[in-house]
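Residue-level structure breakdown
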Number of protein chains: 2
Amino acid sequence: MSRRQALDALAGCRRRIDAVDLEILELLNRRTRIVEEIGAIKQRFQMPVYEPRREDEVYRNVLSHNGGPLPPEAVKRIYERIIDEMRTLQKAKMEQS
Amino acid sequence: MSRRQALDALAGCRRRIDAVDLEILELLNRRTRIVEEIGAIKQRFQMPVYEPRREDEVYRNVLSHNGGPLPPEAVKRIYERIIDEMRTLQKAKMEQS
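The structure displayed is predicted, hence computed values, not measured ones. Counting restarts for each chain, with residues numbered from 1 along the sequence as it is written. Here the convention is simple: chains get letters from A, ligands get numbers from 1, in the order in which they are written. It should be noted that, the model being predicted, local features are given only for residues of pLDDT at least 70 and side-chain atom pairs only at 80 or more, the latter also being counted only at that level, while totals for whole chains, interfaces and linings use all residues. No hydrogens and no water enter the side-chain calculation; it runs on all heavy atoms of the structure.

1. Some points on the overall build of chain A
To be explicit about the condition: Think of it this way: any DSSP run of H or I at least four residues long counts as a helix, any run of E at least two long counts as a strand, and we number them from the N terminus. The globule rule is 2.2 Å times the number of residues to the power 0.38, and the radius of gyration it is compared with is taken over C-alpha atoms. Each residue's exposure class comes from its accessible area (1.4 Å probe, protein chains only) as a fraction of the maximum for that residue type: buried when under 20%, exposed when over 50%, partly exposed otherwise. Contacts: residue pairs with any heavy atoms within 4.5 Å of one another. The method behind every accessible area is Shrake-Rupley, applied with a 1.4 Å probe, and residues are considered shielded solely by the protein chains displayed.
In terms of helices and strands, chain A carries three helices and zero strands. For chain A, the α and β elements follow one another from N to C terminus as α-α-α. Against the 2.2 N^0.38 benchmark of 13 Å for 97 residues, chain A shows a C-alpha radius of gyration of 18 Å, more extended than a compact globule. Along the first, second and third principal axes, the C-alpha atoms of chain A reach 65 × 30 × 15 Å. Expressed as a percentage of the 97 residues in chain A, the buried residues total 45%. Considering only contacts in chain A between residues 6 or more positions apart, those separated by 24 or more positions represent 62%. For chain A, the accessible area works out to roughly 5,300 Å², and carbon and sulfur atoms hold 50% of it.

2. Side note on the packing of helix H1 (residues 3–44) of chain A against helix H2 (residues 52–64) of chain B
Filter applied, for reference: For helices, the fitted axis covers only the stretch in contact; all axes are lines through C-alpha atoms, and the angles between them, taken along N-to-C directions, range from 0 to 180 degrees. Angle categories are assigned with fixed cut-offs, so that under 35 degrees is roughly parallel, over 145 is roughly antiparallel, 65 to 115 is roughly perpendicular, and the rest are oblique. A clockwise turn of the near helix away from the far one marks a right-handed crossing, whereas an anticlockwise turn of less than a right angle marks a left-handed crossing. Charged means Asp, Glu, Lys or Arg here, nonpolar means Ala, Val, Leu, Ile, Met, Phe, Trp, Tyr, Cys or Pro, and polar covers whatever is left, Gly included.
Where H1(A) contacts H2(B), the axes come no closer than 9 Å and their chain directions differ by 40 degrees. When the axes of H1(A) and H2(B) are compared, the pair comes out oblique. The handedness of the crossing between H1(A) and H2(B) is right-handed. On H2(B), the residues that touch A:Arg14, A:Ile17, A:Asp18, A:Asp21, A:Leu22 and A:Leu25 of H1(A) are B:Arg54, B:Val58, B:Asn61 and B:Val62. Grouping the amino acids of the contact of H1(A) with H2(B) by side-chain chemistry returns five nonpolar, one polar and four charged.

3. Let's talk about the interface of chain B and chain A
Rules: Accessible-area loss on putting two parts together, using a 1.4 Å probe and summing over both, is the definition of buried area adopted here. The working definition used for a salt bridge is a side-chain nitrogen of Lys or Arg within 4 Å of a carboxyl oxygen of Asp or Glu.
Each partner contributes to the interface: chain B provides 57 residues, whereas chain A provides 57 residues. Carbon and sulfur atoms make up 68% of the surface buried where chain B meets chain A, a total of about 5,700 Å² over both sides. Counting every contact that joins chain B to chain A gives twelve salt bridges. Looking at the side of chain B that touches chain A, the elements with two or more residues in it are helix H1 (3–44), H2 and helix H3 (72–96) of chain B.

4. What to know about the relation of the copies chain B and chain A
Where we set the bar: Residues reaching a pLDDT of at least 70 in both copies supply the C-alpha atoms on which the copies are superposed by least squares.
Once turned by 180 degrees and shifted 0.0 Å along the axis, chain B lies on chain A with an RMSD of 0.0 Å. Between the two chains, the operation in question is that of a two-fold axis. Residue B:Ile24 of chain B places its C-alpha closer to the rotation axis than any other residue of that unit, at 3.0 Å. Looking at the interface residues of chain B, 100% of them are also at the interface in chain A, so both copies use one shared face.

5. What to know about unusual backbone geometry
Looking along the chain, the bond that leaves A:Gly68 and enters A:Pro69 is cis, with omega of 10 degrees. Position of A:Pro69 among the secondary structure elements: in the loop between helix H2 (52–65) and helix H3 (72–96). In this structure, B:Gln46 takes a positive phi of about 45 degrees despite not being glycine. Relative to the assigned elements, B:Gln46 resides in the loop between H1 and H2.

The values are spatial; any link to function lies outside them.
What follows is the structure, encoded as structure tokens:
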């Protein structure tokens, strides 16, 4: 492989990453919409937003299905960020209304 | 909607979230595999792992395609975590070999 071919291969990898990222983004927004549905139900029935047991279930779901190469600690930290962002959004919505 | 129906609806939402999470997990691992391909090419041609301009491109890609409801700052923070995890993984691999 020449340096020129290497640069072409890198460009191809990056195009594939950009496409995967748009799929991830779509799924993150789909997840957010479901979290919003949950928020609306919880608000109507005055249920708590934060449910640590349910959050543990979310971690268990992804960690038990992780075939790698992403290591479990990395999956956990990415999910902590996702859950935290959606919880924050949920709280802000409930305080607004 | 009775409280019983609300609990059923919540359970349904959670099942949908669990399914979306497995799709996100699959894409995160697919993304990691492409990052590993990039790492192998970079190592062979002694190119730097950290390329701030490419990272800006990744943020621009997701932010310019974000239709919400996830706000841009949340997308940015989730992507900071994803990029950081994959960069760490990449560096560890290159040091190993």
